[in-house]
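# Commentary on secondary and tertiary structure
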Amino acid sequence: MFITITTSEVTPDQLVQVEGFLKEFLPRMEKQPGVLAIYHYNRPEIGNESTLVIWKDQESLKTYREGDLIKEAIAFEKKMGLEATTREGYPLVYPNKEQR
């Protein structure tokens with residue numbers, strides 16, 4: 001399994017728009033092949049929001065990142081001026097295959 005973490009710094013006004021976008025976007029992302037789970041949270045008091053995605057494997061993530069759906073997210077980030085968005089990805093070491 002593989003996990004990705006996308007984090008953006010947002011103002012309170014941006015947060016309202018980001019949450020509106022994600023309300024429509026995340027259900028479609030959840031239907032992508034290889035997506036096992038999506039978790040999203042925001043911390044308005046700190047000024048950021050994060051989305052965690054658990055992928056079946058790194059190949060599923062690669063397919064998503066080469067597709068059209070991620071282009072929508074990147075275009076939205078540019079439109080909103082979310083230059084401080086970071087995308088990280090890591091192989092999950094727990095639970096390992098024997099523990100699932």
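Parameters at a glance
- Residues numbered from 1 in each chain as written.
- Predicted model: local features only at pLDDT ≥ 70, side-chain atom pairs only at ≥ 80, totals over all residues.
- Heavy atoms only, no water.
- Phe/Tyr/Trp six-rings, centres within 6.5 Å; stacked < 30°, edge-to-face > 60°.
- Helix = DSSP H or I, 4+ residues; strand = E, 2+ residues; numbered from the N terminus.
- Buried < 20%, exposed > 50% of the residue type's maximum accessible area, 1.4 Å probe, protein only.
- UniProt positions renumbered as here; feature names shortened; annotations may be inferred.
- Axes fitted to C-alpha atoms, helices over the stretch in contact; angles between N-to-C directions.
- Parallel < 35°, antiparallel > 145°, perpendicular 65-115°, else oblique.
- Contact = heavy atoms within 4.5 Å.
- Nonpolar A, V, L, I, M, F, W, Y, C, P; charged D, E, K, R; others polar.
- Expected span 1.5 Å × (residues − 1).

You'll find the chain entered in an unreviewed UniProt entry as ABM domain-containing protein.

What follows is about the packing of aromatic side chains. Within this structure, the stated rule accounts for three aromatic pairs. Ring geometry for Phe 21 and Phe 25: centres 5.1 Å apart, planes at 20 degrees, overall stacked. Placement of the pair is Phe 21 and Phe 25 together in helix α1 (residues 12–30), with a separation of four residues, close to one helical turn. Here Phe 21 falls in the buried class, since its relative accessible area comes to 16%. Among the residues examined, Phe 25 registers a relative accessible area of 3% and is labelled buried. With centroids separated by 5.4 Å and ring planes inclined at 40 degrees, the aromatic side chains of Trp 55 and Tyr 64 adopt a geometry described as tilted. Using a relative accessible area of 0% as the deciding quantity, one classes Trp 55 as buried. Classification of Tyr 64 as buried rests on a relative accessible area of 7%. Following the ring pairs from residue to residue traces out a cluster consisting of Phe 21, Phe 25 and Phe 76.

Bringing the UniProt feature "domain: ABM" (unreviewed entry) in the chain into the picture now. The sites that carry the UniProt feature "domain: ABM" (unreviewed entry) are, in the present numbering, residues 1–74. Regarding residues 1–74, the helix share stands at 45% and the strand share at 34%, and the terminal C-alpha atoms are separated by 24 Å.

Turning our eyes to something else, we now look at the packing of α1 against helix α3 (residues 69–80). Where α1 contacts α3, the two axes come as close as 11 Å, and the packing angle between them is 175 degrees. It follows that α1 is roughly antiparallel to α3 by the angle criterion. Contact residues: Gln 14, Gln 17, Val 18, Phe 21, Phe 25, Arg 28 and Met 29 in α1; Leu 69, Glu 72, Ala 73, Phe 76 and Met 80 in α3. Grouping the amino acids of the contact of α1 with α3 by side-chain chemistry returns eight nonpolar, two polar and two charged.

Turning our attention to α3. Here α3 is 12 residues long and its end C-alpha atoms lie 17 Å apart, about the 16 Å a rise of 1.5 Å per residue gives. Following α3 by one or two positions, Gly 81 has its phi on the positive side, about 75 degrees.

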